[in-house]
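The lines below spell out each chain.
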There are 4 protein chains.
Amino acid sequence: MATRALFLNCTLRKSPSRSQTQPLIDKAIELFRLRGVESEVIRVIDHHIEQAYWEDWESDAKAGDDDWPDILARIMSADIVIIATPITGGMCSSAAHVILEKLSLLDELVEDRGQFAFYGRVAGVIVTGAEDGAHHVASRILFLMSRLGFTIPPNCETYWLGPAGTGPGYIQSHGERHFHTNKVLRYMVENCTFFARLLERNPIPTDLVRCAEEARAESDSEVTFKVNVHTPSLRYRRVQTFGPKGAAAPASDARDPEPVG
Amino acid sequence: MATRALFLNCTLRKSPSRSQTQPLIDKAIELFRLRGVESEVIRVIDHHIEQAYWEDWESDAKAGDDDWPDILARIMSADIVIIATPITGGMCSSAAHVILEKLSLLDELVEDRGQFAFYGRVAGVIVTGAEDGAHHVASRILFLMSRLGFTIPPNCETYWLGPAGTGPGYIQSHGERHFHTNKVLRYMVENCTFFARLLERNPIPTDLVRCAEEARAESDSEVTFKVNVHTPSLRYRRVQTFGPKGAAAPASDARDPEPVG
Amino acid sequence: MATRALFLNCTLRKSPSRSQTQPLIDKAIELFRLRGVESEVIRVIDHHIEQAYWEDWESDAKAGDDDWPDILARIMSADIVIIATPITGGMCSSAAHVILEKLSLLDELVEDRGQFAFYGRVAGVIVTGAEDGAHHVASRILFLMSRLGFTIPPNCETYWLGPAGTGPGYIQSHGERHFHTNKVLRYMVENCTFFARLLERNPIPTDLVRCAEEARAESDSEVTFKVNVHTPSLRYRRVQTFGPKGAAAPASDARDPEPVG
Amino acid sequence: MATRALFLNCTLRKSPSRSQTQPLIDKAIELFRLRGVESEVIRVIDHHIEQAYWEDWESDAKAGDDDWPDILARIMSADIVIIATPITGGMCSSAAHVILEKLSLLDELVEDRGQFAFYGRVAGVIVTGAEDGAHHVASRILFLMSRLGFTIPPNCETYWLGPAGTGPGYIQSHGERHFHTNKVLRYMVENCTFFARLLERNPIPTDLVRCAEEARAESDSEVTFKVNVHTPSLRYRRVQTFGPKGAAAPASDARDPEPVG
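The text that follows walks through the structure, step by step, so that each part is easy to find. As the structure is a prediction and not an experimental result, all values here were calculated from the model. (Residues numbered from 1 in each chain as written. Chains lettered and ligands numbered in written order. Predicted model: local features only at pLDDT ≥ 70, side-chain atom pairs only at ≥ 80, totals over all residues. Heavy atoms only, no water.)

Quick word on the relation of the copies chain C and chain B
The cut-off we apply is this: Fitting of the copies onto one another was done by least squares over C-alpha atoms, counting residues only where both copies have pLDDT of at least 70.
Note on the copies: chain C fits chain B at an RMSD of 0.0 Å, the axial shift is 0.0 Å, and the rotation between them is 180°. In symmetry terms, the pair is related by a two-fold rotation axis. In terms of C-alpha distance to the rotation axis, chain C has Ile-152 of chain C as its closest residue, with the C-alpha 2.5 Å off the axis.

Structure follows, in structure tokens:
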């Protein structure tokens, strides 16, 4: 079966409006195609996703008009999942956030595998933004996906950014001719492809249920913390000169008897 | 007494090497001067700062060649403190990190004021980087300073960035002609000046010692958490189709009886 | 007119379900009341907010069932705006993200004031989560609000967290008896109250339009970056030993002639 | 040859002081040993690492007392590299930051491999902190290492945290009995071991030099951005009511003709 990549385009613009992020996705799709990887794109904003915990999601009444089950099924049938998001307010888009939140609620182990549902899948990120925030957005997305079971290959973030300040986006700025973006796009495509196929032939064997059982044997089921309800005061002689406008802070001999880091 | 601004230039280059961040600091100094604010710059990397907790710092043996007490005294005599840092690896420089860490260890209340040592002071940030990360760096620095008692005026971050990918810095890229940077620089200078003078005439009255005492009256000095040592399993019917390559995850009726958010 | 605080409760649970964040908001409201501050709470998830750029928002067709204009009007009539959010997946909730994104799109100057719409208002944050992420969530929210014109007083973040790992929330864990949370809650309430009243009597005078005009006079309307389209290679003798399993990386004399930070 | 793990203990306490992070590292070492992985620990703060760009590092004068070359050699001879850091001020320690910064300066391709120096190695993170910040610290460290060529297996972050507020650390709080920490520690050890051996038998084949060449063929060597030097003004009718205390913002028909996300 062909390796499959799923792109979640998290633009805020509904179809058929132009998305700045889509042309970069299209480049990735073509590069994947040359390596025998089939791609699919979901434009998230075109769908209704209920922002809710699992309990609500389960209720039949709501499930009727919630596209999340279908989107999740398509995520689960992909080998490579790439979140593609514009930057708004220095963050990923709210459409991306909704996806990440829904994924993060799937933090339970699949019983007969002893693994999170996304084990064996590979994650990547595409970010487009006028100016700043690609590393921040990518680091949060990839870390969250890593915690959910995705493998993060090296150099699996692709981004385009203009210089400081709001300005024209990827399309108007001819982002398709931007060297750094075109370069890291290839890094991402090649590494995601390699890892997806590697993991298909070599499934991760870790049994998280057994790990948890071993951990339980050496852990407590209740944990108590002493709270320091005293207000600490500046206690070092050398700070005497640091009061506001000449006021001296009192010295003290109090000390931490234990290491703090 | 004139309002005073202190810039901590956190370049990794020692004097007299050229710092990319310094020309932007120089612009800020001139704008402050026009508003009657006196400025001082400390080039952090030229100094030896012991990376250590307070206990070690107190020891006379170490204090001999540690410039931190002098730097801290200059921070305490300033009304406006501006951390100016290049971006390395998507983060602030390690020189900036050392400063922030030393500041964060000053998280105790000055006894006769009932406030953190930095109350009444105003914070700002200058970031220069080839490509990305200014918002991330600024948000972490300003939040940490806010927690230590600094006031954060609106629009008190100034930054210069080129487009995606490593490239020439502020100096070679003529950052001094970059509109967004020149604009937000003025926002920062004007707002920091206004707030520094406002707080000098109107000291923050909050008595944190009294706050802590009130809190103590309604709090416990020990806190116990039940730990869920059972491994959760995917328990929703709708996930049946989400196993790897056709495997079905078992359904279950288990439920969270309580809200989680 | 009384000082007014607005809480945006960003729980994912719709009314009348119990929100873990609400009891902490209720504590804040009572503390504000004692200081003469009137409070209002909006439960965001009970409302429909269109995730869209302004252009779409303007269209009459959509505006019909979009609660954002009303929510924004209530934000604008508040002196203190507090985003209260649970942590999901290490992030703020998607409900909070939607609010922040909508706010971030208001990044234009109000013409006859020469300021962003939120100048003169004060921001605070409340975070509840099972385990980790309060500082991250608070730093991103406060920085975004700072860029939009809000003033960030010292110690204006209140949070409750349990120890590492998912577990019972604020309500079941008796978060209302947690010393740190009760302490910083008071810091936040007192500082937000002080700053809101201070700024009402002393409006921020900064004219951002004039700042931009001054910046324009010394800036270019077009900016060109040279792109290094050559692939750098490891060029330092000392790395010779660092190849994989004994392979030597070649030495080179290439050097950066210019400072990079 | 045995698989090798290197732990960089980034405590701020020099030997022989007790490090809170070390007992958790010791647990990891024992678990690795049971799987045939040999471990080594470097206590970073015991060493002198020059905070400098490569150019300075190359100078013979400085290299004399700089331990970085030796530490880097040991990193390069490891299959698994785990950054272990306490949290100070919500961040990793400055010792960890120095390591990350030095690593990030190694962002050049090894010529005869066409890959970054760290390709083929696996990264993990251990974080100990009194209260908050493990996800933030882990996400930044892992993302930076991913960009440098490390592979990030699923669930490769181990952390211990107490509840909100400063308090006793891992040792005094009996962190060694904390279920979540003991559980994710095993996830990390098993996944790092699996991936290190998998990549040894299946080296990543991606040729980054060729990727860059392909990218160059479709990219420009100079990029020009138009800068919007006009100050945007709030232009939507619906915002009329949002001025301060009743002032109306003027309407306008200006529109963005192009998508922004």
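Further notes follow.
Describing the interface of chain C and chain B
Convention followed: Residue contacts are defined here by distance: any two heavy atoms, one from each residue, within 4.5 Å place the two residues in contact. The term buried area means the drop in 1.4 Å probe accessible area that two parts suffer when joined, counted for both and summed. Salt bridges are defined by distance alone: a side-chain nitrogen of Lys or Arg within 4 Å of a carboxyl oxygen of Asp or Glu. N or O atoms closer than or at 3.5 Å make up a polar contact, with two conditions inside protein: a donor-capable atom paired with an acceptor-capable one, and, for residues adjacent in sequence, both atoms drawn from side chains. A helix here means a DSSP run of H or I that spans at least four residues, while a strand means a run of E at least two residues long, and both kinds are numbered starting from the N terminus. Under the convention adopted here, Pro, Cys and the residues Ala, Val, Leu, Ile, Met, Phe, Trp and Tyr are nonpolar, Asp, Glu, Lys and Arg are charged, and Gly plus all remaining residues are polar.
Chain C puts 75 residues into the contact, and the matching count from chain B is 75 residues. A combined buried area of about 6400 Å² lies between chain C and chain B, and 55% of that area is made up of carbon and sulfur atoms. Linking chain C with chain B are twelve salt bridges. The partner of Arg-186 of chain B in a salt bridge is Glu-218 of chain C, and the shortest N-O contact between them spans 3.3 Å. There are 31 residue pairs in polar contact (both at pLDDT 80 or more) connecting chain C and chain B. Counting residues per element, the side of chain C that touches chain B draws most heavily on helix 7 (residues 179-201) of chain C, at twelve residues. Of the residues in the side of chain C that touches chain B, the class split is 33 nonpolar, 21 polar and 21 charged.

Topic: helix 8 (residues 208-217) of chain B
Under the convention used in this document: Buried residues are those whose accessible area, probed at 1.4 Å on protein chains only, stays under 20% of the maximum for their type, while exposed residues exceed 50% and partly exposed ones sit between those limits. Our arc is simply the arc of the directions from the helix axis toward the C-beta atoms.
Every buried residue of helix 8 of chain B is accounted for by Leu-208, Cys-211, Ala-212 and Ala-215 of chain B. Seen from one end, helix 8 of chain B has its buried residues packed into an arc of 95°, which puts them on one side. For helix 8 of chain B, the secondary structure elements touched by its buried residues are strand 5 (109-110) and strand 6 (115-116) of chain B together with helix 7 of chain C. Capping the start of helix 8 of chain B, Asp-207 of chain B holds a side-chain oxygen 3.0 Å from the backbone nitrogen of Val-209 of chain B, two or three residues further along.

Description of the relation of the copies chain D and chain B
Expressed as a screw transformation, the operator carrying chain D onto chain B has a rotation angle of 180° and an axial translation of 0.0 Å, and the superposed copies differ by an RMSD of 0.0 Å. The overlap is high: 100% of the interface residues of chain D also sit at the interface in chain B, so the same surface is used on both sides.

Brief notes about unusual backbone geometry
All names here are of chain B. A cis amide bond links Ser-15 with the next residue in sequence, Pro-16, at an omega value of 0°. Examined against the element boundaries, Pro-16 turns out to sit in the loop between strand 1 (4-9) and helix 1 (22-34). In this structure, Asn-155 takes a positive phi of about 50° despite not being glycine. When you line up the elements, Asn-155 lands in the loop between helix 6 (134-147) and strand 8 (157-161). Relative accessible area serves as the criterion here: at 5%, Asn-155 is assigned to the buried category. The backbone of His-174 shows a phi angle near 55°, a positive value even though the residue is not glycine. Note on placement: His-174 falls in the loop between strand 8 and helix 7 (179-201).

Describing the nonpolar core
Which entries qualify depends on this criterion: Residues enter a nonpolar core if they are buried and are Ala, Val, Leu, Ile, Met, Phe, Trp, Tyr or Cys, with the set joined through side-chain atoms within 4.5 Å.
Counting residues in hydrophobic clusters, the biggest one holds 337 residues, and the most contacted among them are Leu-8 of chain A, Leu-8 of chain B, Leu-8 of chain C together with Leu-8 of chain D. Once you skip the residues sitting within four places of it in the chain, Leu-8 of chain C turns out to touch Ile-42, Val-44, Ile-71, Ile-75, Val-81, Ile-82, Ile-83, Ala-84 and Ile-99 of chain C.

Side note on the pattern of salt bridges
This structure, assessed with the given rule, holds 49 salt bridges over all chains. Among the salt bridges present, the one from Arg-210 of chain A reaches Glu-190 of chain D, with a minimum N-O distance of 3.1 Å. Placement of Arg-210 of chain A in helix 8 (residues 208-217) and of Glu-190 of chain D in helix 7 (residues 179-201) is noted, with the two residues assigned to different chains. By relative accessible area, which is 32% here, Arg-210 of chain A ends up partly exposed. Shared partners join several salt bridges into a network, and the residues in it are Lys-27, Arg-35, Arg-186 and Glu-190 of chain A together with Arg-210, Glu-214 and Glu-218 of chain D.

Description of the interface of chain D and chain B
Contacts between chain D and chain B engage 37 residues on the former and 37 residues on the latter. For the pair chain D and chain B, the summed buried area comes to about 3300 Å², and 59% of that belongs to carbon and sulfur atoms. For Glu-50 of chain B, the salt bridge identified is with Lys-14 of chain D, shortest N-O distance 3.4 Å. In this assembly, chain D and chain B are joined by 15 residue pairs in polar contact (both at pLDDT 80 or more). Every element with two or more residues in the side of chain D that touches chain B is listed here: strand 3 (80-88), strand 4 (91-92), helix 5 (94-104), helix 6 (134-147) and strand 9 (222-226) of chain D.

Observations concerning the state of the cysteines
Joining two cysteines, a disulfide is a covalent bond between their sulfur atoms. For clarity, the cut-off: Disulfide assignment relies on a single distance test, namely cysteine sulfur atoms paired within 2.5 Å.
Under the defined criterion, the tally for this structure stands at zero disulfides over all chains. Free cysteine: Cys-92 of chain B, not disulfide-bonded; nearest cysteine sulfur from Cys-10 of chain B at 7.6 Å. The thiol of Cys-192 of chain D is unpaired, and the distance to the nearest cysteine sulfur, on Cys-156 of chain D, comes to 5.5 Å.

Topic: the environment of Ile-126 of chain A
Residues and elements named next belong to chain A. Relative to the helices and strands, Ile-126 is located in strand 7 (residues 122-129). The buried category is assigned to Ile-126, whose relative accessible area is 0%. In the structure, Ile-126 is positioned 36 residues away from Gly-90 in sequence and 15 Å away in space, judged by C-alpha atoms. Setting aside residues up to four positions removed in sequence, Ile-126 forms contacts with Phe-7, Thr-21, Leu-24, Ile-25, Ala-28, Ile-82, Ile-83, Ala-84, Thr-85, Thr-158 and Met-188.

Topic: the packing of helix 1 (residues 22-34) of chain D against helix 7 of chain D
All names here are of chain D. Quick note on the threshold: Throughout, an axis means a line fitted to C-alpha atoms (over the contacting stretch in the case of helices), and angles, computed between N-to-C directions, take values from 0 to 180 degrees. Any angle from 65 to 115 degrees is called roughly perpendicular, while one under 35 is roughly parallel, one over 145 is roughly antiparallel, and all others are oblique. Two helices cross in a left-handed way if the nearer one is turned anticlockwise from the farther one by less than a right angle. They cross in a right-handed way if the turn is clockwise.
It is the contact of helix 1 with helix 7, at a shortest axis distance of 10 Å, that shows an interaxial angle of 45°. Between helix 1 and helix 7, the angle is such that the two are oblique. As helix 1 packs across helix 7, the resulting crossing turns out to be right-handed. Contact with helix 1, carried on its side by Leu-24, Lys-27, Ala-28, Leu-31 and Phe-32, involves Thr-181, Asn-182, Leu-185, Arg-186, Val-189, Cys-192 and Thr-193 of helix 7 and no other residues of that element.

Digging into the packing of aromatic side chains
Each aromatic ring pair is described using two quantities: the centre-to-centre distance and the angle formed by the ring planes. Note the cut-off: Any pair of Phe, Tyr and Trp rings, taking the six-membered ring for Trp, is counted once the centres come within 6.5 Å. Such a pair is stacked with planes under 30 degrees apart, edge-to-face with planes over 60 apart, and tilted for the rest.
In the structure shown here, the tally under the stated rule is 30 aromatic pairs over all chains. Judged by centre distance (6.3 Å) and plane angle (85°), the ring pair of Tyr-187 of chain B and Phe-116 of chain C falls under edge-to-face. Here Tyr-187 of chain B is found in helix 7, whereas its partner Phe-116 of chain C is found in strand 6 (residues 115-116) on a different chain. Through a chain of ring-to-ring contacts, the aromatic side chains of Trp-160 and Tyr-170 of chain A, Trp-160 and Tyr-170 of chain B, Phe-225 of chain C together with Phe-225 of chain D assemble into a single cluster.

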